[in-house]
Amino acid sequence: MSWILATPIIIPFATAVLAFLFRHGPEGRWISVLGSAGLLIASIILMVEVLDQGVIAAQMGQWAAPFGITLVADLLSAVMVVITGITGLAVAIYALADVEERKEQLGYHALYQVLLAGVCGAFLTGDLFNLYVWFEVMLISSFGLLILGGQRQQLDGGIKYVTLNLISTILFLSGVGLLYGMTGTLNMADLHGAVQDVDNPGLLVVIAVMFMIAFGVKAAVFPLFFWLPASYHTPAISVSAIFAGLLTKVGVYSLIRMFTLVFTTDVAYTHTILLWVAGFTMVTGVLGAAAMNDFRRILSFHIVSQIGYMILGLALFTPLALVGAVFYLVHHIIVKANLFLVAGVARRIAGSTELSQIGGLYKTAPLLALLFLIPAFSLAGFPPLSGFWAKFVLIKAALEDGGYVIAAVALIVGLLTIYSMTKIWGNAFWKPHPAGLQPRLSSLPPKDRAALLTPIAALAILTCIIGLFPEPFVQFATRSADQLLNPEVYVQTVLSAAPEVSQ
Amino acid sequence: MELLVALMVGVLVAASVHLMLARNVLRFIFGLVLISNAANLTIFVSGRLTPESPPLIPEGATTPVADAANALPQALVLTAIVIGFGLFAFALTLVYRTYQNLGTLNSDEMRLAEPLESKPSAAKQVAEKQYIARDTTS
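Overview of the structure. Note that the structure is a prediction, hence the values are computed from the model and not measured.

Focus on the packing of aromatic side chains
Residue and element names in this part refer to chain A.
Phase 1 of the analysis: The final tally for this structure, using the stated rule, is 34 aromatic pairs over all chains.
Phase 2 of the analysis: Between Tyr108 and Tyr112, the aromatic rings sit 5.9 Å apart at their centres with planes inclined by 15°, giving stacked as the arrangement. Here the residue Tyr108 and the residue Tyr112 both occupy positions in helix H5 (residues 108-124), the gap between them amounting to 4 residues, near one helical turn.
Phase 3 of the analysis: Judged by centre distance (5.4 Å) and plane angle (45°), the ring pair of Phe259 and Phe263 falls under tilted. Neither Phe259 nor Phe263 differs from the other in exposure class; each is buried.
Phase 4 of the analysis: A connected cluster of aromatic rings, assembled from ring pairs, spans Phe129, Tyr132, Phe135, Phe172, Phe211, Phe215, Phe259 and Phe263.
Phase 5 of the analysis: The ring of Phe20 has Arg23 sitting right over it, with the charged end atom 4.1 Å from the ring centre.
Phase 6 of the analysis: In this arrangement the basic side chain of Lys391 is found over the ring face of Tyr309, its NZ or CZ atom lying 4.8 Å from the centre.

Overview of helix H6 (residues 128-147) of chain A
Residue and element names in this part refer to chain A.
Phase 1 of the analysis: Spanning 20 residues, H6 covers 29 Å between terminal C-alpha atoms, matching the ideal 28 Å at 1.5 Å per step.
Phase 2 of the analysis: You can read the cap of H6 off the contacts: a side-chain oxygen lies 3.0 Å from the backbone nitrogen of Phe129, and it is on Asp127.
Phase 3 of the analysis: One or two positions beyond H6, positive phi appears at Gly149, with a value near 110°.

Examining the environment of Met182 of chain A
Residue and element names in this part refer to chain A.
Phase 1 of the analysis: Locating Met182 in the fold gives a position in helix H7 (residues 152-183).
Phase 2 of the analysis: Classification of Met182 by relative accessible area gives partly exposed; the value is 23%.
Phase 3 of the analysis: Linking Met182 and Leu203, residues 21 residues apart in sequence, is a C-alpha distance of 8.9 Å.
Phase 4 of the analysis: Contact partners of Met182, with chain neighbours within four places excluded, come to Val198, Asn200, Leu203, Leu204 and Ile207.

A look at the pattern of salt bridges
Residues and elements named next belong to chain A.
Phase 1 of the analysis: By the definition in use, this model includes 7 salt bridges over all chains.
Phase 2 of the analysis: Here Arg257 ties to Asp74 by a salt bridge, and the two come within 2.8 Å at their closest N and O atoms. Of this pair, Arg257 sits in helix H11 (residues 237-261) while Asp74 sits in the loop between strand E2 (70-73) and helix H3 (75-98), and the two are 183 residues apart along the sequence. As far as the burial class goes, Arg257 and Asp74 line up, both buried.

Details of empty space enclosed by the protein
All names here are of chain A.
Phase 1 of the analysis: What the rule picks out here adds up to 4 cavities of 30 Å³ or more.
Phase 2 of the analysis: Met138, Leu139, Ser142, Tyr161, Asn165, Lys218, Trp227, Leu247 and Thr248 together form the lining of the largest cavity.
Phase 3 of the analysis: Listing elements by their share of the lining of the largest cavity, those giving two or more residues are H6, H7 and H11.
Phase 4 of the analysis: The biggest single contributor to the lining of the largest cavity is H6, with 3 residues.
Phase 5 of the analysis: Looking at the lining of the largest cavity residue by residue, the classes come out as 5 nonpolar, 3 polar and 1 charged.
Phase 6 of the analysis: Size it by volume and the second largest cavity reaches roughly 40 Å³.

Side note on unusual backbone geometry
Phase 1 of the analysis: With an omega dihedral of -5°, the bond running from Phe222 of chain A to Pro223 of chain A counts as a cis peptide bond.
Phase 2 of the analysis: Relative to the helices and strands, Pro223 of chain A is located in the loop between helix H9 (201-219) and helix H10 (227-231).
Phase 3 of the analysis: For the peptide bond that leads from Pro383 of chain A to Pro384 of chain A, omega is 5°, which places it in the cis range.
Phase 4 of the analysis: With respect to the secondary-structure elements, Pro384 of chain A resides in the loop between helix H16 (366-380) and helix H17 (386-400).
Phase 5 of the analysis: For Phe317 of chain A, which is not glycine, the phi dihedral falls at a positive 60°.
Phase 6 of the analysis: Looking at the secondary structure, you find Phe317 of chain A in the loop between helix H13 (295-316) and helix H14 (319-350).
Phase 7 of the analysis: Positioned with a positive phi, Arg48 of chain B is a non-glycine residue whose angle comes to about 65°.
Phase 8 of the analysis: Among the secondary structure elements, Arg48 of chain B is positioned in the loop between helix H2 (25-46) and helix H3 (72-102).

Quick word on the environment of Val330 of chain A
Residue and element names in this part refer to chain A.
Phase 1 of the analysis: Relative to the helices and strands, Val330 resides in helix H14.
Phase 2 of the analysis: Judged by relative accessible area, Val330 falls into the buried class, the value being 13%.
Phase 3 of the analysis: Spatially, the C-alpha atoms of Val330 and Val79 are 7.7 Å apart, while their sequence positions differ by 251 residues.
Phase 4 of the analysis: When residues no more than four places from it in sequence are discounted, the contact partners of Val330 are Val79 and Ile83.

Reading the values: the criteria
Along each chain, residues carry numbers from 1 onward, in the same order as the chain's sequence is written. For naming, the first written chain is A and the first written ligand is 1, with later ones following in the order written. Where local features are concerned, this predicted model is filtered to residues with pLDDT of at least 70; where side-chain atom pairs are given and counted, the filter is 80 or more; whole-chain, interface and lining totals use all residues. Hydrogens and waters are ignored; side-chain quantities use all the structure's heavy atoms. In this analysis, rings of Phe, Tyr and Trp, with Trp reduced to its six-membered ring, are considered paired at centre separations within 6.5 Å, and the interplanar angle assigns stacked below 30 degrees, edge-to-face beyond 60, and tilted for intermediate values. Only DSSP runs of H or I covering at least 4 residues are called helices, and only runs of E covering at least 2 are called strands; the numbering of each starts at the N terminus. Burial here depends on accessible area, computed with a 1.4 Å probe over protein chains only, as a share of the maximum for the residue type. Under 20% is buried, over 50% is exposed, and the range in between is partly exposed. Any Lys NZ or Arg CZ found within 6 Å of a ring centre and within 35 degrees of that ring's normal is scored as a charge over the ring. The length a helix should cover is 1.5 Å for every residue beyond the first. Any pair of N or O atoms that falls within 3.5 Å is considered a polar contact. Within protein, one atom must be able to donate a hydrogen and the other to accept it, and sequence-neighbouring residues count only if both atoms are side-chain atoms. We call two residues in contact whenever any of their non-hydrogen atoms come within 4.5 Å of each other. Salt bridges are defined as contacts in which a side-chain nitrogen from Lys or Arg sits within 4 Å of a carboxyl oxygen from Asp or Glu. A pocket, in this scheme, is an open set of points on a 1 Å grid over the protein atoms alone with protein on both sides within 12 Å along at least 5 of 7 lines, while a cavity is a set where a 1.4 Å probe fits but cannot get out; residues line either one if an atom lies within 4 Å of a point. Grid points are joined across faces, edges and corners, and a volume is the space filled by probe spheres set on the points. Gly is put with the polar residues, along with every residue not named as nonpolar or charged; the nonpolar set is Ala, Val, Leu, Ile, Met, Phe, Trp, Tyr, Cys and Pro, and the charged set is Asp, Glu, Lys and Arg.

Written out as structure tokens, the structure reads:
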């Protein structure tokens, strides 16, 4: 059983080692693609197992919980790992044509795989300190990816990314220390019971807020998001895409995990803060996007605004709202990574991501226009695409809970999202190219064209499938939300998954 | 003993916040080093300090003596120190490279990735003119 849980972490690590050894030849990039495909297969096996059994857990090194490190997968963890596999493979294929040889020789593919391993580890661990370690694995490889190439712009963005993320890390670490001091355990399932017996609930709320800030920085919520729009538009497109898709969602995942499993002792206080945060995150993010004039910078601010919706689902803390949050997470990762990939192709054929310097894509590259429209409309929430259902569920949950103001905010932010998407559409696609260039997809070498467009098309089709057949996905999210709100099964599975220790 | 360490953590945090509020990125990094040490001490002290009782199992017994020192926080701190060391090595190199490339350590002057958009750039103006020209001719 334990290998099912461990393979999504082991495969990318092994791939990283191989990719690093073969970094000077063309083998490295194919190893990366193969490894990502392996990760996707391993994650699907995990998913099948979790769908069958509900929650599965394994003790690493045969130390019984709560003393050893537990790997545990419930439906939320499993679906996040599957999505990591999907985006990981898509971006690995895209990177075949996107990442220059010089960056490959510096170890791009190895860093990329370590990043995937860190993300999967963070989704699968059941131990708080182990979560910290996975965050660090993720962080150090993302540092490397962000500044790989060493352009001045990248270094500038890198400084802000590195410093602010390190602060969040230290807050997280202090929170772990204090929580351990109060409860004497670091196993998340064990913490669920231990926090009920704490004799100083006030201090527990303080620690909860510390975790909120630490994960809030990672998730890029208001007012802690400034590192994201400062850095996400500077690295290679593949790096932007995987960051945009996965990294902030690890923060959101950790928030959801901690604030459904552990910090539920004072929901009225903590989740009200989260509700305000959600509202402001949505609004500031979308206003920032409306003010930008660069393809990737608009998209970066949209990440912030969309994070608000997921936090909204957590903050409302009703079954339906959590269904919305889970659905939104899955939908958003696919759509956002895809939009960045489209931005990369636009840059390749039109020469820039600065909207004033490109244009004419609709006339000469209609396929790319279509591939942009699908995720863009999905992000804005047009039926019948995946974003519509995600927003629909969340707003319905807000209305049912009596949160009319927050529902109105969510709807207005949706409108403003369309506004900034039309800005990209008008400038990059409808306006003629300012330099008179006629950007065509056929100007790309056929191999590159295949490597760039296949992942975009695949992700776009996935968005359409979720949008056209939302029923199984909503059912899945409902089951997952049910697990999150009733963590007894999770707790029991972890604590009883003790291996038979020979006496 | 706990009180003493707690006070020390407080002083360290105060000093590091002071350092981190500086515009100089290098001072900021030094602040980070200090505050990470404060975090490590927090973990250390939250395991309760029990001087002069090492977590050793007496001969013949299977469990340590009743009020032996807690070994787990020390393991955690050790891990955190190692990770922190790697991160700061990276951060210092990054700051050095940035200084070499940008010629400044003042964070206010680091606006390359996010240029101030008070006036439209030259390229943008040209583009707009062309756009308008095209519009009027057609």
